[in-house]
Amino acid sequence: MQLRAIPAFADNYIWMLSDDLGNALVVDPGVAEPVEAALQAHDLRLRTILITHHHADHIGGLQALAAHHHPAVYMADDARIGGDGQRVHHGETLTLAAPALRAVVLALPGHTRNHVAYHLAPWLFCGDALFSLGCGRLFEGTPADLLLSMQRIAALPPDTLVCAAHEYTLANATFALSVEPDNDALRARREHVQSLRARDLPSLPVALAEERASNPFLRWDAPAVRAWCTAHGAATASPAACLGALRAGKDAFRA
């Protein structure tokens, strides 16, 4: 199975998986043209589309691609995602025909109320729920929703490869280091990402084990993170309160 990160817009990735038979799957095609170009360049047929949530930069190319290729479409159960397809829910296991894969659906509320991710081991296509060294803004959810989502992600195998939808890692690293300046794993991650980006390479995918060692949103129980949160507005040291303080801090952060 071949994984490709197709750049789109300023910093999106449209993820593509393809098999040796020329069957391709794409995740969150916010625009059709780069997907069409990748299909043509690699002589692939688009057979499956996965949608994590309703934002335009994740679904903008869906209808054009569906009309042209007639793929199987799986989408979060949200009326704001138009078109035909199978609406998916937490805990479901999807048997994909082409490429032949098994996908487990995880509900990850917070960024939007109906956001989902797809775990096609070893890959996790998590949309905007989790970024490397960060997470998505809480547009529709609460800190409790964010905690639930982070717990679900953290429970996956450590060798899971996080395929987030945006190249935000370096910006996220700056905030993360303001929270945990003495985190050696975080400093090493930033240096590695700086090297990748200097060569115009994506910082993703990244192993979940690496994120758990360096991403403050997956480290709500780390003493340094708890201390930062209680010093920056968390009413208690509870995990949900800490994540709420972290997200509020990130929203207001200016490097």
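Bear in mind the structure is a predicted one, so any value in this text is a computation, not a measurement. (Residues numbered from 1 in each chain as written. Predicted model: local features only at pLDDT ≥ 70, side-chain atom pairs only at ≥ 80, totals over all residues. Heavy atoms only, no water.)

### Overview of the side chain of histidine 58
Counting through the fold element by element, histidine 58 comes out in helix 2 (residues 56-59). In terms of polar contacts, histidine 58 uses its side chain to reach the side chain of aspartate 128, at 3.0 Å. The residues touching histidine 58, leaving out its near neighbours within four places in the chain, are Asn12, Asp28, Pro29, Gly30, Ile51, Thr52, His53, Gly127, Asp128, Ala165 and His166. (Helix = DSSP H or I, 4+ residues; strand = E, 2+ residues; numbered from the N terminus. Polar contact = N/O pair within 3.5 Å; in protein donor to acceptor, adjacent residues only side chain to side chain. Contact = heavy atoms within 4.5 Å.)

### Section: the packing of helix 1 (residues 33-42) against helix 3 (residues 62-69)
Between helix 1 and helix 3, the shortest axis-to-axis distance is 9 Å and the interhelical angle comes to 35 degrees. Touching Val35, Glu36 and Leu39 of helix 1 are Leu65, His68 and His69, all from helix 3. (Axes fitted to C-alpha atoms, helices over the stretch in contact; angles between N-to-C directions.)

### Concerning the nonpolar core
Core analysis: the biggest nonpolar cluster contains 76 residues, and Met16, Tyr118, Leu120, Phe125, Met150 and Leu246 have the highest contact counts within it. Formed by five residues, the second largest nonpolar core is a distinct cluster that contains Leu133, Ala173, Ala176 and Leu177. (Core = buried A, V, L, I, M, F, W, Y, C linked by side-chain atoms within 4.5 Å. Buried < 20%, exposed > 50% of the residue type's maximum accessible area, 1.4 Å probe, protein only.)

### With respect to the sheet that holds strand 7 (residues 93-96)
The strand order across the open sheet built from six strands is 7-8-9-10-13-14, with neighbouring strands paired in mixed fashion. Single-partner strands in this sheet number two, and they are strand 7 and strand 14 (206-207). By the bridge criterion, four bridges tie strand 7 to strand 8 (residues 101-107) in an arrangement that is antiparallel. Opposite threonine 95, over in strand 8, you have arginine 102 as the bridge partner. (Pairing = 2+ DSSP bridges.)

### Let's talk about the pattern of salt bridges
Using the criterion set out here, one finds nine salt bridges in the structure. Between arginine 137 and aspartate 251 there is a salt bridge, with the nearest N and O atoms lying 3.2 Å from each other. In this pair, arginine 137 is assigned in the loop between strand 12 (134-135) and helix 4 (143-154) and aspartate 251 in helix 9 (residues 239-252), connecting sequence segments 114 residues apart. With a shortest N-O distance of 3.9 Å, glutamate 167 and arginine 197 are connected by a salt bridge. On the criterion of sequence distance, the pair formed by glutamate 167 in the loop between strand 13 (161-164) and helix 5 (169-179) and arginine 197 in helix 6 (residues 184-198) is long-range, its members being 30 residues apart. Among the charged side chains, a salt-bridge network with shared partners connects Asp78, Arg80, Arg113 and Glu140. (Salt bridge = Lys/Arg side-chain N within 4 Å of Asp/Glu carboxyl O.)

### Some words on the environment of alanine 237
By the secondary structure assignment, alanine 237 is in the loop between helix 8 (223-231) and helix 9. Residues alanine 237 and alanine 227 lie ten residues apart in sequence; the distance between their C-alpha atoms is 8.3 Å.

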